[in-house]
Amino acid sequence: EQRVPRKHKFFHPDNFVLLLNWVAAYPTLSDYFVNKLDGVPLLLQALKHSKEDYSRVLAMRCFLLYALQQKVDGDIERRLLANNGFSTVVDCYRQSSGDPTDTRSLTSILSSICRHYPDAAAQEFKSSKIADVVLASLNITRYKGVPQHLRVIEDLRRLPAASLKKAGVDVDKALYDSDALPVLMGIMEVFPEYYESIHLITKLLSELQPKTTPFEMLEYKSLIVFSKLYVRYREDLTFQTDGTRTVMAAMAKAIIEDKECSKYLDESVAGYQLATSVPTMKAMIEEEEMFKKDGLVIVQGLTERKSPEGLATQ
């Protein structure tokens with residue numbers, strides 16, 4: 001009776017998470033832990049008191065395996081939201097090292113929550129500062145981790161307009177305010193060989209364009225990056241036909257024709273890289289205009305030419 005009341009702490013939380021990680025691959029045991037023992041808040045509590053970095057990764061792996069094995073679709077996501085799990089997952093995201101294996105599970109969980117419970121995800125958007133977190137993680141990610149973060153960004157942007165309006169959230173503005181432009185340009189410059197990401201980022205940049213100005217795009221080396229990508233992929237049929245070149249050409253044209261940008265594109269003022277990128281970009285714009293003028297269309301991934309009757313012929 002004379003003892004000072006102490007807050008109960010979780011004993012050996014790291015070992016507990018490690019044990020759960022071992023048995024999470026067995027659906028029967030996972031179902032018993034989640035449903036009979038109400039295991040989701042228990043695992044969240046263990047994660048809260050854990051001290052080892054591996055516990056964060058293993059706990060997210062457990063939640064993902066539970067979600068993949070669940071009998072009722074969306075049940076694990078609902079339990080996470082009911083126990084303030086969204087902010088916990090985002091905190092783990094914030095601590096990630098950039099290794100794709102570090103974020104593989106938690107990005108899948110976040111995407112699943114956005115798709116199953118968009119209203120709740122929209123409500124959590126501001127308080128969790130997820131826009132800052134996902135872009136910070138994208139900025140330090142390694143080569144194969146890029147699609148994971150781009151998928152989270154896309155799922156956040158696909159949240160229903162009604163849910164976002166109710167929560168007072170503008171995802172594109174939040175991404176722009178979190179320095180999405182320099183991060184995305186940096187990814188394109190550092191990983192030019194990863195065409196899948198180039199295509200996704202180019203599309204995202206075009207959709208964020210209304211939030212910025214041509215001069216700001218110029219400041220972040222967009223013409224230099226686009227010209228390098230054009231030289232690399234100009235003979236690639238996918239680059240020509242999947243819309244990537246079209247979007248790049250439109251953004252480059254907006255910069256080149258902008259009055260404020262034009263005085264910085266003059267050869268007497270521009271640096272070597274920028275000066276050499278302008279003719280390359282003009283060539284891409286001209287090529288894209290010829291592509292449209294000649295009536296070339298995309299049919300099942302093949303470039304075909306419209307006949308006078310309007311029918312496509314190879």
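Keep in mind that what you see is a predicted model, and the values were worked out from it rather than measured.

Engineer: For this particular structure, what's the right way to read the environment of Leu159?
Structural biologist: Relative to the helices and strands, Leu159 resides in the loop between helix H10 (146–157) and helix H11 (161–167). Looking at Leu159, the relative accessible area reads 5%, which means it is buried. Along the primary structure Leu159 and Arg104 are separated by 55 residues, whereas in three dimensions their C-alpha atoms are 21 Å apart. With residues near it in sequence (within four places) discarded, Leu159 still touches Cys114, Pro118, Ala121, Ala122 and Leu164.

Engineer: Just to check I follow, could you spell out the packing of helix H6 (residues 85–94) against helix H8 (residues 118–128) for this structure?
Structural biologist: The axes of two packed helices give the description: the angle between them and the distance between them. H8 packs onto H6 with a crossing angle of 45° between their chain directions and a minimal axis gap of 10 Å. As far as their axial angle goes, H8 and H6 are oblique. Once H6 is placed against H8, the crossing between them reads as right-handed. Along the contact surface, H6 presents Phe86, Val90 and Arg94, while H8 presents Ala121, Glu124 and Ser128.

Engineer: Help me understand helix H1 (residues 13–23), please; the structure alone is not making it clear to me.
Structural biologist: Think of an α-helix as turning once every 3.6 residues; residues three or four places apart then point the same way. Looking only at H1, the buried set comprises Pro13, Asp14, Phe16, Val17, Leu20 and Asn21. For H1, the arc enclosing every buried residue in end-on projection is 160°, short of the 170-degree limit, so these residues lie on one face. Buried residues along H1 sit against helix H2 (27–36), helix H3 (39–49) and helix H4 (53–69).

The rules behind the values
Throughout, residues of each chain are indexed from 1 in the direction in which the sequence is written. Selection of residues for local features in this predicted model requires a pLDDT of at least 70, selection of side-chain atom pairs for listing and counting requires 80 or more, and totals for whole chains, interfaces and linings are taken over all residues. Water and hydrogen atoms were dropped before computing side-chain values, which therefore reflect all heavy atoms in the structure. Every helix listed is a DSSP run of H or I at least four residues long, and every strand listed is a run of E at least two residues long, numbered separately from the N terminus. Accessibility here uses a 1.4 Å probe with only protein chains present; expressed as a share of the type maximum, an area under 20% marks a residue as buried, one over 50% as exposed, and anything in between as partly exposed. In what follows, a contact means two residues having at least one pair of non-hydrogen atoms within 4.5 Å. Only the stretch in contact is used when fitting a helix axis, every axis being a line fitted to C-alpha atoms; angles between N-to-C directions are given from 0 to 180 degrees. Any angle between 65 and 115 degrees counts as roughly perpendicular, while under 35 counts as roughly parallel, over 145 as roughly antiparallel, and the rest as oblique. Helix crossings get a hand from a simple test, with the near helix turned counterclockwise from the far one by less than a right angle marking a left-handed crossing and a clockwise turn marking a right-handed one. Of all possible arcs, the one meant is that of the directions from the helix axis to the C-beta atoms.

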